[in-house]
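Structural overview
Below are the chains, spelled out letter by letter.
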Amino acid sequence: IILVHGLAASPNLWVKPTHQIIQDPQIRNHYQFYAYYYPTGLPLSINAANLKKSIRELNEHLKSKGAGATADQMVVIGHSMGGLLSSAISRDYDGVKAEVYTPEAHVLLERSLAQRALVELLETPALNCITRVIFVATPHRGSEYADNWVGQITSHFIDIPKNALAVDPAHYQEDLTSFGRSLFDINQGMDGVQRLRYNNPVLKYNLSRPKLKGIHYHSIIGDRGWPGELQKSTDGIVKYTSSHLENVESELVVPAWHNAQDNEHTAREMQRILRLHLAP
């Protein structure tokens, strides 16, 4: 099980839910837990690329230690931004590079960490060791909080990594096709917070890509319990309409705010899914 935390968080976010989940002896005896730790202020593409690379390396390490076929049955659980990274590494990007980048872009892609991350996402082989992804309070279509003063202040505190990763706009435009330039607005902030803006084109495009063959999706969505229709509900940070996905095997709405990972209903649903994953 790979646990991926969200914005401005750390693996500590998973302490309570992990303790709840392993109360089930079947899960305790059959799963090993790993947590992916990443700087949430960096662009989503960089963090997703690093997650993909880290999981590939973990898979190779486990197999070298005799894990066998079980190493190819990983479950990724992502909370909030962590769910976006989990989505990015479990989708099929075949043909995307030709749509987004010019034929000469392979030379220019060596210019920055951000651009090299896209090479990792688009050109390296898809992960075949993940078979199930659980999204918890994930803003697949972004969050309006990224547009208001909360997002602006949070973004302000990550100016140092943003500047360190700055891309020369002129060179970056040379890399992109007209479609690519419409998809990536290089005049907007590159940090993780700004990439969470509601209906951000990058998030919308990611959703348009099919999930990889053989991967099962599950959603757990928080509802803070205010009166109203489900379509209008929210966990206080992410609207239901942003978290909802059509192509999932299950969706559970739990009575929780954005920290839905700590909810007892969430723990029981994770246990159910993980037991299902063990079934022949």
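In this report, the structure presented in the accompanying data block is examined. Not measured: the values here are computed from a predicted model. (Residues numbered from 1 in each chain as written. Predicted model: local features only at pLDDT ≥ 70, side-chain atom pairs only at ≥ 80, totals over all residues. Heavy atoms only, no water.)

Overview of the overall build of the protein
Assigned secondary structure in the protein consists of 14 helices and 6 strands. The proportion of buried residues among the 280 residues of the protein is 51%. Counting only contacts in the protein whose residues sit at least 6 apart along the sequence, the fraction spanning at least 24 positions is 79%. If you sum the accessible surface of the protein, you get close to 13,300 Å²; carbon and sulfur atoms cover 54% of it. (Helix = DSSP H or I, 4+ residues; strand = E, 2+ residues; numbered from the N terminus. Buried < 20%, exposed > 50% of the residue type's maximum accessible area, 1.4 Å probe, protein only. Contact = heavy atoms within 4.5 Å. Areas by Shrake-Rupley, 256 points an atom, 1.4 Å probe, with all protein chains shown as cover.)

Focus on the packing of aromatic side chains
Under the definition given, this model contains 2 aromatic pairs. Here the aromatic rings of Phe135 and Tyr217 are separated by 4.9 Å at their centres, their planes lie at 75°, and the arrangement is edge-to-face. Here Tyr217 lies in strand 5 (residues 216-222) and Phe135 lies in strand 4 (residues 130-136), a separation of 82 residues in the sequence. Comparing Phe135 with Tyr217, the two get one shared label, buried. Residue placement shows Lys211 over the ring face of Tyr217; its charged tip is 5.1 Å from the ring centre. (Phe/Tyr/Trp six-rings, centres within 6.5 Å; stacked < 30°, edge-to-face > 60°. Lys NZ or Arg CZ within 6 Å of the ring centre and 35° of its normal.)

Focus: the packing of helix 3 (residues 44-64) against helix 4 (residues 81-88)
Interaxial distance between helix 3 and helix 4 falls to 9 Å at its minimum, and their mutual angle equals 65°. Considering only the axes of helix 3 and helix 4, their crossing is right-handed. Here Leu44, Asn47, Ala48 and Leu51 of helix 3 lie close against helix 4, whose contacting residues are Met81, Leu84, Leu85, Ser86 and Ala88. The residue inventory of the contact of helix 3 with helix 4, partitioned by class, reads 7 nonpolar, 2 polar and no charged. (Axes fitted to C-alpha atoms, helices over the stretch in contact; angles between N-to-C directions. Left-handed = near helix turned anticlockwise from the far one by under 90°. Nonpolar A, V, L, I, M, F, W, Y, C, P; charged D, E, K, R; others polar.)

Remarks on the sheet that holds strand 4
In space, the 6 strands of this open sheet follow the order 2-1-3-4-5-6, with parallel pairing throughout. Strands at the two margins of the open sheet, each flanked by one partner only, are strand 2 (34-36) and strand 6 (250-254). Each strand of the sheet is rotated relative to its neighbour by a mean of 20°, with strand direction disregarded. Of the strand pairs in this sheet, strand 1 (residues 2-4) and strand 2 are connected by 3 bridges, and their pairing is parallel. When the sheet's bridge partners are listed, Ile2 is paired in strand 2 with Tyr34. Sheet contacts for helix 3: strand 1, strand 2, strand 3 (74-79) and strand 4; angle to strand 2, the most-contacted strand, approximately 155°. (Pairing = 2+ DSSP bridges.)

With respect to the pairing of strand 5
Within strand 5, 6 of the 7 residues are buried, which leaves the element mostly enclosed by the surrounding structure. In this sheet, strand 5 lies alongside strand 4 in parallel orientation, the contact comprising 5 bridges. Residue pairing in the sheet places Arg132 in a bridge with His216 of strand 5. Strand direction decides the pairing type here: strand 5 and strand 6, joined by 5 bridges, are parallel.

Overview of the pattern of salt bridges
Side chains that differ in sign of charge can pair as their charged atoms come close. On inspection of all chains with the given rule, the structure shows 6 salt bridges. One salt bridge in this structure joins Asp24 and Arg275, with 2.5 Å as the shortest N-O distance. Highlighted residues: Asp24 in the loop between helix 1 (15-21) and helix 2 (25-30) and Arg275 in helix 14 (residues 264-278), separated in sequence by 251 residues. Two residues, Glu120 and Arg56, come together in a salt bridge whose shortest N-O distance is 2.9 Å. (Salt bridge = Lys/Arg side-chain N within 4 Å of Asp/Glu carboxyl O.)

With respect to helix 3
One turn of the α-helix equals 3.6 residues, which is why residues spaced by three or four share an orientation. Counted at 1.5 Å a residue, the expected span for helix 3 with its 21 residues is 30 Å, and the 30 Å between its end C-alpha atoms agrees. Restricting attention to buried positions, one finds in helix 3 the residues Leu44, Ser45, Ile46, Asn47, Ala48, Ala49, Leu51, Lys52, Ile55, Leu58, Asn59 and Leu62. Phi turns positive, to about 95°, at Gly66, one or two residues after helix 3. (Expected span 1.5 Å × (residues − 1).)

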